[in-house]
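Here is what each chain is made of, one letter per residue.
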Amino acid sequence: MNDNVDIDKVDASEGAAVEAELLREQLSMAQAQLLQSEKLASIGQLAAGVAHEINNPISFVFSNFGTLQTYVASLLRVLARYEEAEPFIADADVVKGIADLREEVDLAFLQEDVLALMAESRDGIERVRKIVQDLKDFSRVDVHQQWQWADLHQGIDSTLNIVNNEVKYKADIVKEYGTIPEVECLPSQINQVIMNIVVNGAQAIEGPRGRITIRTGESGGNVWIEIADNGCGIPQAIQSRIFDPFFTTKPIGTGTGLGLSLSYGIIQKHRGRIDMQSEEGVGTTFRIELPIRQPDADDSTEKLA
């Protein structure tokens, strides 16, 4: 009888030890995710501040450039009128001086090229403004966890613009957007998920230039997003671990192993799901499903996560 009691105590003790170890692991994971979230929030606040500072000079340069274009157009009109008057100049030395100067500065080329340069420069400034605005949108921090209705296509486009430098040398982005409604979500967190998956997809592409395809659609009260790459794929043996915290297939020092784990947590917070299908040597597809409206949303659209 005493032996049985001792065995029961041992089993209970072992069970308690296992449970305590699991709790410690869960606490460690939660602390790591919190640390990463705080880090991302700090980076986001910094990026938003930098974007705001850049936006100020860009705004007046853009405004001045529009005025400059008008001035240049007016000067070219005056120049054209002077050219029309040249045949009526009686002094041969004056006419020769004008002809020599025209040849020296290559006036015909200058008149054509100055307009092209102005157009290219204006386009460049507009692109900078778009990048700055996308950076501000992407880095927006949900301080009060305010849920809002958002256009996911706009968020995806902004995110792609931000990560363009990480992707453009590795892959072409193909967009196959369907017709979807706005979704009640935390936009900057969904942007973070898109960023993690797209950057991972680009890093998985080795050798020839690859392709990352982004599809969207609506089904059964949910909106879905698929992000597919034709990279190296994920070995079957480790596919079940890709959402585990700190698990990474990247070389030491190039990945924290938290990107997909945080992405999984964000989608869970949104009452959605994220799945992955992969085949070695073929590529990987992530599918995200999000409810269009959060089940317990109230009129204020504000709640704690």
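Only a predicted model underlies this, so the values are computations on that prediction, with no experimental measurement involved.

Student: Would you take a moment to explain helix H6 (residues 187–203) for this structure?
Tutor: Turn by turn, an α-helix covers 3.6 residues, leaving residues three or four places apart pointing in a common direction. End to end, H6 covers 24 Å across 17 residues, agreeing with the expected 24 Å (1.5 Å per residue, within 8%). Counting buried positions along H6 gives 15 out of 17 residues, so the element sits mostly inside the fold.

Student: Where do I start with the nonpolar core in this structure?
Tutor: With 36 residues, the main nonpolar core has Leu152, Val198 and Ile288 as its most contacted residues. Elements with a minimum of two residues in this core: helix H4 (152–162), strand E3 (183–185), H6, strand E4 (210–219), strand E5 (222–229), helix H7 (259–269), strand E6 (273–279) and strand E7 (283–291). Among the elements that take part in this core, H6 stands out by supplying eight residues, more than any other. Discounting residues that sit within four places of it in the chain, Val198 has contacts with Leu160, Val163, Val167, Ile212, Ile214 and Ile227. Counting residues in hydrophobic clusters, the runner-up holds seven residues, among them Ile58, Phe65, Leu76 and Ile125.

Student: I'm lost on the pairing of E7 in this one. Help?
Tutor: Along any regular strand, the residues point their side chains to alternate faces of the sheet. Here E5 runs beside E7; their pairing, made up of eight bridges, is antiparallel. In the strand pairing of E7, Asn222 is matched with Pro291. Inspection of the sheet shows E6 paired to E7 by seven bridges, in the antiparallel sense. When the sheet's bridge partners are listed, Glu279 is paired in E7 with Gly283. Remark: three residues form the turn of the hairpin made by E6 and E7, two consecutive strands paired antiparallel; Gly281 in that turn has positive phi of roughly 80°.

Student: Would you explain the pattern of salt bridges in this entry?
Tutor: Any two side chains of opposite charge can pair, on the condition that their charged atoms come close. With the rule as written, the count across this model stands at 12 salt bridges. Note that Arg102 and Glu86 form a salt bridge whose closest N and O atoms lie 2.2 Å from each other. Taken together, the positions of Arg102 in helix H2 (residues 92–105) and Glu86 in the loop between helix H1 (2–85) and H2 put the pair 16 residues apart, joining distant regions of the chain. For Arg209, the salt bridge is made with Asp172, and the minimal N-O distance between the two is 2.8 Å. Of this pair, Arg209 sits in the loop between H6 and E4 while Asp172 sits in strand E2 (residues 171–176), and the two are 37 residues apart along the sequence. Since its relative accessible area comes to 40%, Asp172 is described here as partly exposed.

Student: Hey, could you run me through the packing of H6 against H7 in this one?
Tutor: When two helices pack together, their arrangement is given by the angle between the helix axes and by the axis-to-axis distance. Taken N-terminus to C-terminus, the directions of H6 and H7 make an angle of 145°; their axes are 9 Å apart at the nearest point. As for the relative orientation of H6 and H7, their crossing is left-handed in sense. Residue-level contacts link Gln189, Ile190, Gln192, Val193, Asn196, Ile197 and Asn200 of H6 to Gly259, Leu260, Ser263, Ile266, Ile267 and Lys269 of H7. In terms of residue class, the contact of H6 with H7 is built from six nonpolar, six polar and one charged.

What counts and what doesn't
- Residues numbered from 1 in each chain as written.
- Predicted model: local features only at pLDDT ≥ 70, side-chain atom pairs only at ≥ 80, totals over all residues.
- Heavy atoms only, no water.
- Helix = DSSP H or I, 4+ residues; strand = E, 2+ residues; numbered from the N terminus.
- Expected span 1.5 Å × (residues − 1).
- Buried < 20%, exposed > 50% of the residue type's maximum accessible area, 1.4 Å probe, protein only.
- Core = buried A, V, L, I, M, F, W, Y, C linked by side-chain atoms within 4.5 Å.
- Contact = heavy atoms within 4.5 Å.
- Pairing = 2+ DSSP bridges.
- Salt bridge = Lys/Arg side-chain N within 4 Å of Asp/Glu carboxyl O.
- Axes fitted to C-alpha atoms, helices over the stretch in contact; angles between N-to-C directions.
- Left-handed = near helix turned anticlockwise from the far one by under 90°.
- Nonpolar A, V, L, I, M, F, W, Y, C, P; charged D, E, K, R; others polar.

Treat this as a map of the structure, not an account of what it does.
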